[in-house]
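Each chain, written out:
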Amino acid sequence: MWLRLGKFVLKFRMILLILLLLTTVVMGYFASKVKLSYEFAKAIPTDNAKYLEYKAFKAKFGDDGNLLVAGIQTDKLFQLDYFNAYKDLHQQLKKIKHVENVLSIPSAVDLHKDSLTEKLLAQKIFSDSIATQAELDSAVNHFYNLPFYRTLLYNPQTKAYLIGVRINKEILNSKGRTEVINNISKTVKQFEEKTKTEVHLSGLPLIRTVVADRIQNEMKYFLFGSLLLSTLILLLFFRSLSTTLLSLLVVALGVVWSVGVLYLCSYQITLLTALIPCLVVVIGIPNCIYFINKYHSSWLQTGDKEKAITDMVSKMGVVTLFCNLTAAIGFAVFALTRSAILNEFGVVAGISIMIIFVISFILLPAALSYLPPPNASQTKYLNNKWLTNFLLKIETWVVHHKKTVYAVTAVCLAFAVVGIFKLKSVSFIVDDLPKTDKVYTDLKFFEKHFNGVMPLEIVVDTKKRNGLAGMRALAVYEKVDALSAYIVLQKEMSRPLSIAEGLKFAKQAFFEGDSANYLLPNSFDGAFVGEYLKTNKKDSSGNNGLASMLTSFIDSARQNTRISITMADVGTEKLPPLLDSIQQKANEIFDTASYKVQLTGTSITFLEGSRFIVNGLKDSIFWAFLLIALCMLYLFKSVRILLCSLIPNLIPLVITAGIMGWVGVPLKPSTVLVFSVALGIAVDITIRFLVNYKQELPAYGHEVSPTVSATIKNTGLSIVYTALVLIAGFIIFCFSGFGGTKALGWLTSATLLIATLTNLVLLPVLLLLLAPKNRGIKNQ
């Protein structure tokens, strides 16, 4: 069949080339219309219970992930000139387009009791016309008398101060978010230059925007970098500019098609799908090496260009098909997960890899038929002395040192197994950033002075409409306050903000600002304070100081109230027990028959998403292994060969997992990805070796030992060069500024290096070990 296909390609080469180029132009048009995704990727499916709870929370109370914070540490804040500069910063931030609100000390308000209207009216503590230091000092004393703001806007022990900037959530899901963040950063920079004070910026809007923009920019450099490295290796390998350009044309068309497929699938460029063009380059170049290597070797044997091309297609077509198929499986299994970000990556990567096979199969034979036959310098690599000596040494080890190979393999596996027991599964929201990166150090600033900025929300459901109306709600808020008191004791969490805190603020105002009365109203004074807490539609204009708080902390049905907390980025290992302790305490305080207490927010969805991705990737490794095994069984139709093929590819994964354990690299979304990807690519080497082995068997009378030696010599050369291309293609990711991308680079490269060695050394040893006694393996 493959011989007929080869002749078909040569016969209709012009038509096929024109069709290929025309369809590529169409795909290029589609590729030009693809857009970057500015939505935060959904790691968990939309029907997941935690996601539904979070969605319900946002419907009732709004988004919890749109607050950016700016912090400083100074003992000069309340010096008049410095304070005016700080107040000016507040005003400049408010003027930035798409900034909805700014909360800081200069804008802090106190509640003033108006006995005539029986309302609590908001009054600014720091007036806009403070002209003397004495006026400022008086306002500062007033401010420090309000416990409500303590640890919220300032840390009295460390003299750290915070500004909260709330950004429109719609703009955060669009390309305009980068401009907003940049404008905030520029404004802050001006304040830094004016006051000579370092300002720390953090919060989910900043972290997500900066990280996403950096990774997307890096992918462009890595694409060009992988193309450059591949070009250099191809030039060293083939010593031919035309052959190198032809190979680059193959991968260039593959890249265009991959981006076009992304658009046709109605997907956008995410942090994962941005990797696909680089992967197409890395996988497409080996196709070219194997095809052209076979063409050159056949040319030297026959001296007939057409026969050499036909031989190339007939011998390498089925090999490359199954190699690309197994690589596609390694990626496509991600489509079996229910995570949207993994599903999109798996679908597009799997399709793109199979397309690169079709492009290689059409373009290479057709183009080579128009090019002149290779000259002596272009085929000189086939007799590379260094590689020939290397392969001869491998042959010696395979034939004469089998026990040593077994021993070394056993020692490596033992080493790996010990490392696996050291392996941990933990991830952080910013753990892919270098510890010296300003985004990371700024986050640590807020964790040190304000116990973090990661949002956590607790929703208390009274299970009945108007359950939070009237004086009976005081009992609920007492329970809320009791839970808040427990949360304050957790060193990883800030003081919770809830209606209970607002009621304390209101009671202090009712008793003429006496800080000793910063307490929850009780059943006695609640009757008096209650009149000042009533709100109606007219109050929404802002005449009542509690109107906005009631709107954002109680739902419209007065059935649910929220407790808002910011916390440190403690990671997926420490977060579950911390959340469990809070949930357990909540169940003790709130009668579960009358109340339902849910923990939600971005911190919860991050934890659930990390679990979902890691578990999904673990499952994908199983499915990849199973599907690849079925492909191998179909291709070779021998359980014996199947065992020989799977062992050399399983061992590299085990050793890589062991290395991760020894060097302290945890299992997380960015590192678990390595195993499925590396397995799909590494099996290529096995397939090429075994197919060549089967093709050589008849020439050696179906004798295993001489066939194995010949296969090492004939296939080893292209395997080594292909391994160099693959490793170079992934090693470039090690230059990333992100831990996850860097881990993808060096772990995949390490796995492929080990897989190359196991397939060149251990696989032949296994073939010799499992060969039938007293006869060849003709039926294999």
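Criteria and cut-off values
Residues numbered from 1 in each chain as written. Predicted model: local features only at pLDDT ≥ 70, side-chain atom pairs only at ≥ 80, totals over all residues. Heavy atoms only, no water. Helix = DSSP H or I, 4+ residues; strand = E, 2+ residues; numbered from the N terminus. Areas by Shrake-Rupley, 256 points an atom, 1.4 Å probe, with all protein chains shown as cover. Lys, Arg positive; Asp, Glu negative; His and termini not counted. Charge placed at Lys NZ, Arg CZ, Asp CG, Glu CD. Salt bridge = Lys/Arg side-chain N within 4 Å of Asp/Glu carboxyl O. Buried < 20%, exposed > 50% of the residue type's maximum accessible area, 1.4 Å probe, protein only. pLDDT = per-residue confidence, 0-100. Contact = heavy atoms within 4.5 Å. Pairing = 2+ DSSP bridges. Axes fitted to C-alpha atoms, helices over the stretch in contact; angles between N-to-C directions. Core = buried A, V, L, I, M, F, W, Y, C linked by side-chain atoms within 4.5 Å. Left-handed = near helix turned anticlockwise from the far one by under 90°. Nonpolar A, V, L, I, M, F, W, Y, C, P; charged D, E, K, R; others polar. Parallel < 35°, antiparallel > 145°, perpendicular 65-115°, else oblique. Expected span 1.5 Å × (residues − 1). Polar contact = N/O pair within 3.5 Å; in protein donor to acceptor, adjacent residues only side chain to side chain. Bend = angle between axes of the 7 residues up to and from the residue. Patch = residues over 30% accessible without salt bridge, like charges linked within 9 Å, V, L, I, M, F, W, Y side chains within 5 Å.

J.: Let's hear about the overall build of the chain: which residues, and what values?
T.: Summing up its helical and strand segments, the chain has 25 helices and 10 strands in all. Along the first, second and third principal axes, the C-alpha set of the chain runs to 110 × 50 × 45 Å. Total accessible area computed for the chain in this model is approximately 33400 Å², and 60% of it derives from carbon and sulfur atoms. Averaging the coordinates of the 78 positive side-chain charges in the chain and doing the same for the 54 negative ones gives two points 12 Å apart.

J.: Outline the pattern of salt bridges, supporting the account with residue identities and numerical values.
T.: Under the counting rule described, the total for this entry stands at 12 salt bridges. The salt bridge partner of Lys 438 is Glu 198, with a shortest N-O separation of 3.4 Å. Of this pair, Lys 438 sits in helix 15 (residues 438-450) while Glu 198 sits in the loop between helix 7 (176-195) and strand 7 (200-202), and the two are 240 residues apart along the sequence. Of the residues examined, Lys 438 reaches a relative accessible area of 40% and is grouped as partly exposed. Judged by its relative accessible area of 48%, Glu 198 falls in the partly exposed class.

J.: Give a description of the confidence of the model for the chain that names residues and reports values.
T.: Per-residue confidence for the chain gives a mean pLDDT of 85; residues scoring 70 or more make up 94%. With pLDDT under 50 throughout, residues 535-546 is counted as low confidence; its partners more than four residues away or in other chains account for 23 contacts. Low confidence marks residues 775-780, where pLDDT is under 50. Its contacts with residues over four positions away, or in another chain, come to 14 contacts.

J.: Give a detailed account of the sheet that holds strand 8 (residues 454-461), specifying residues and quantitative values.
T.: Strand pairing in a sheet is mediated by backbone hydrogen bonds. Such pairs are either parallel or antiparallel. Spatially, 9-8-10 is the arrangement adopted by the 3 strands of the open sheet, whose pairing is antiparallel. Whereas interior strands pair on both sides, the edge strands pair on one side only; in this sheet they are strand 9 (560-567) and strand 10 (596-600). Direction aside, neighbouring strands of the sheet carry axes that sit 20 degrees apart on average. Pairing between strand 8 and strand 9: 8 bridges, direction antiparallel. By the bridge assignment, Glu 457 is partnered in strand 9 with Ser 564.

J.: Give me the nonpolar core: which residues, what numbers.
T.: Grouped together as the largest cluster of nonpolar side chains are 256 residues, with contacts concentrated most on Ile 105, Phe 126, Tyr 149 and Ile 184. The element contributing the most residues to this core is helix 12 (residues 340-370), with 17 residues. Once residues within four sequence positions are removed from consideration, Ile 105 is found in contact with Leu 77, Phe 78, Phe 83, Phe 126, Phe 143, Leu 153, Tyr 154 and Tyr 161.

J.: Pulling in residues and values, what's your account of the packing of helix 7 against helix 8 (residues 204-238)?
T.: Two elements in contact, helix 7 and helix 8, have axes whose closest approach is 10 Å; the angle formed by their N-to-C orientations is 115 degrees. Regarding helix 7 and helix 8, the two cross each other, and that crossing is left-handed. Residue-level inspection shows Arg 177, Thr 178 and Ile 181 of helix 7 in contact with helix 8, the latter providing Pro 205, Leu 206, Thr 209, Ala 212 and Asp 213. Partitioned by chemical class, the residues of the contact of helix 7 with helix 8 number 4 nonpolar, 2 polar and 2 charged.

J.: Quick one: what's the story with the packing of helix 22 (residues 639-663) against helix 23 (residues 669-696), residue by residue and with numbers?
T.: The contact between helix 22 and helix 23 brings their axes to 10 Å, and the two run at 150 degrees. As judged from the angle between their axes, helix 22 and helix 23 are roughly antiparallel. Considering how the two elements wind past one another, helix 22 and helix 23 form a crossing that is right-handed. Side by side, helix 22 and helix 23 meet where Ile 641, Ser 645, Asn 649, Leu 653, Thr 656, Ala 657 and Met 660 of the first sit next to Thr 671, Phe 675, Leu 679, Ala 682, Val 683, Thr 686, Leu 690 and Tyr 693 of the second.

J.: Can you lay out the side chain of Glu 192 for me, pointing to particular residues and giving the numbers?
T.: Secondary-structure assignment places Glu 192 in helix 7. Here Glu 192 is buried and forms no salt bridge, its nearest opposite-charge partner Lys 189 lying at an N-O distance of 4.1 Å. Setting aside its immediate chain neighbours within four residues, Glu 192 contacts Thr 197, Glu 198 and Val 199.

J.: Summarise helix 15; cite the residues concerned and give the values.
T.: Given a rise of 1.5 Å per residue, 13 residues ought to cover 18 Å, and the 17 Å separating the end C-alpha atoms of helix 15 matches this to within 8%. For helix 15, the complete set of buried residues consists of Val 439, Tyr 440, Asp 442, Leu 443, Phe 445, Phe 446, Glu 447, His 449 and Phe 450. Measuring from the side-chain oxygen of the N-cap residue of helix 15 to the backbone nitrogen of Val 439 gives 2.8 Å; that N-cap residue is Asp 437. Positive phi shows up at Asn 451, right after helix 15, with a value of about 65 degrees.

J.: So what's going on with helix 11 (residues 305-332)? Residues and values would help.
T.: Maximal helix bending in helix 11 amounts to about 40 degrees, located at Met 316. Most of helix 11 is tucked away, with 21 of its 28 residues classed as buried.

J.: Could you give an account of a nonpolar patch on the surface, naming the residues involved and the relevant values?
T.: A cluster of nonpolar residues, Leu 336, Phe 622, Trp 623, Leu 626, Leu 627, Leu 630, Leu 633, Val 639, Leu 643, Ile 647, Leu 769 and Leu 770, forms a patch on the protein surface that exposes about 1100 Å² of accessible area. Of all the secondary-structure elements, those providing two or more residues to the nonpolar patch are helix 21 (602-636) and helix 22. At 6 residues, helix 21 tops the list of elements feeding residues into the nonpolar patch. Here Val 639 lies in helix 22.

J.: Summarise unusual backbone geometry; cite the residues concerned and give the values.
T.: Of note in the backbone geometry, Lys 463 takes a positive phi value of approximately 65 degrees without being a glycine. With respect to the helices, strands and loops of the structure, Lys 463 is situated in the loop between strand 8 and helix 16 (473-488). Accessibility expressed as a relative area gives 45% for Lys 463, which makes it partly exposed. With phi around 55 degrees, Arg 558 is a residue other than glycine that occupies positive phi space. With respect to the element layout, Arg 558 can be found in the loop between helix 19 (547-553) and strand 9. Arg 558 sits in the partly exposed class, given a relative accessible area of 29%.

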